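# Analysis of the macromolecular model
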Amino acid sequence: MSELQILSMPEWGEPFPDGQAELAIMFGDPSVAKGETTPLNQMEIFPVCSPILINRDGDIKRTRDLTRHVLLDGVGWTHWNDWFSQHGQEIPPTVRRLSFEDFNQNLAAARCGIGIAMGDNITAGEELAQGALVRPLIGFIKSATKGYYIITQKNRDHSPLAKVFIAWVVNEAQATVEFA
């Protein structure tokens, strides 16, 4: 009998502590992964917010307009710094910022109109398609190292089921990139 178990891990750690799992899907820098990595895609990161925020506070036409709003990001993340830097600007020290430990909390706060989060082509795709989130500006930045990866144990052959699952996940990830 084959069984699919889905476990949540907050950090890059040991994805195979008991040696039983065949693979893990993780987000982060693959150089710290404990296993073989297969990239699912390169992250495209961009501002997202609720249409409520745009309707309430007015259009966002350029990067500096973002500074009128609370910038939502993860604790210790540099997405906003990277965004502003790529657009030749610095974030003014007076900008209000709110950080969450969990990326999903950023998107939830953005959906509620609390501020503007940095979304990506995977985790925000469905909410963008449904209209719960909008992209106030065109463009994106790419994460040079961070992304979603399939991690497999080194020197271990994959079962036929794992091979099918890996192929399916890679295909779905590519379709998600095209969709967003």
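Everything below is about the structure shown above.
Residues numbered from 1 in each chain as written. Predicted model: local features only at pLDDT ≥ 70, side-chain atom pairs only at ≥ 80, totals over all residues. Heavy atoms only, no water.

### So, the environment of I60
- Along the chain, I60 turns up in the loop between α1 (51-57) and β3 (71-74).
- Leave out the neighbours within four places in its chain, and I60 touches L53, I54, D65, L66, R68, H69, I116, P136 and L137. (Helix = DSSP H or I, 4+ residues; strand = E, 2+ residues; numbered from the N terminus. Contact = heavy atoms within 4.5 Å.)

### Notes on the nonpolar core
- The biggest cluster of nonpolar side chains holds 25 residues, and the ones touching the most others in it are I60, L66, L71, W80, W83, F84 and I116.
- Mapped by element, the contributors of at least two residues to this core are β2 (36-48), α1, α2 (79-86), β5 (116-120), β6 (141-152) and α5 (160-179).
- If one sorts the elements of this core by residue count, α5 sits on top with four residues.
- Contact partners of L66, with chain neighbours within four places excluded, come to P47, I60, L71, W80, W83, F84, I116 and L137.
- Formed by 13 residues, the second largest nonpolar core is a distinct cluster that contains F46, F103, A117 and L133. (Core = buried A, V, L, I, M, F, W, Y, C linked by side-chain atoms within 4.5 Å. Buried < 20%, exposed > 50% of the residue type's maximum accessible area, 1.4 Å probe, protein only.)

### Considering the pattern of salt bridges
- Applying the stated criterion across every chain, the model contains five salt bridges.
- Between K61 and D59 there is a salt bridge, with the nearest N and O atoms lying 3.6 Å from each other.
- Exposure remark for K61: the relative accessible area of 61% places this residue in the exposed category. (Salt bridge = Lys/Arg side-chain N within 4 Å of Asp/Glu carboxyl O.)

### Overview of the environment of A132
- Summarising the element assignment, A132 is placed in the loop between α4 (125-130) and β6.
- Note: C-alpha distance between A132 and A110 (22 residues apart in sequence) is 9.3 Å.
- Excluding residues that lie within four positions of it along the chain, A132 makes contacts with C49, S50, P51, R111 and E127.

### Considerations on α2
- Turning to α2, its buried residues are H79, W80, W83 and F84. Down the axis of α2, the sector holding all buried residues measures 125°, keeping them to one side.
- After α2 finishes, the residue G88 shows a positive phi value of roughly 70°. (Arc of directions from axis to C-beta.)

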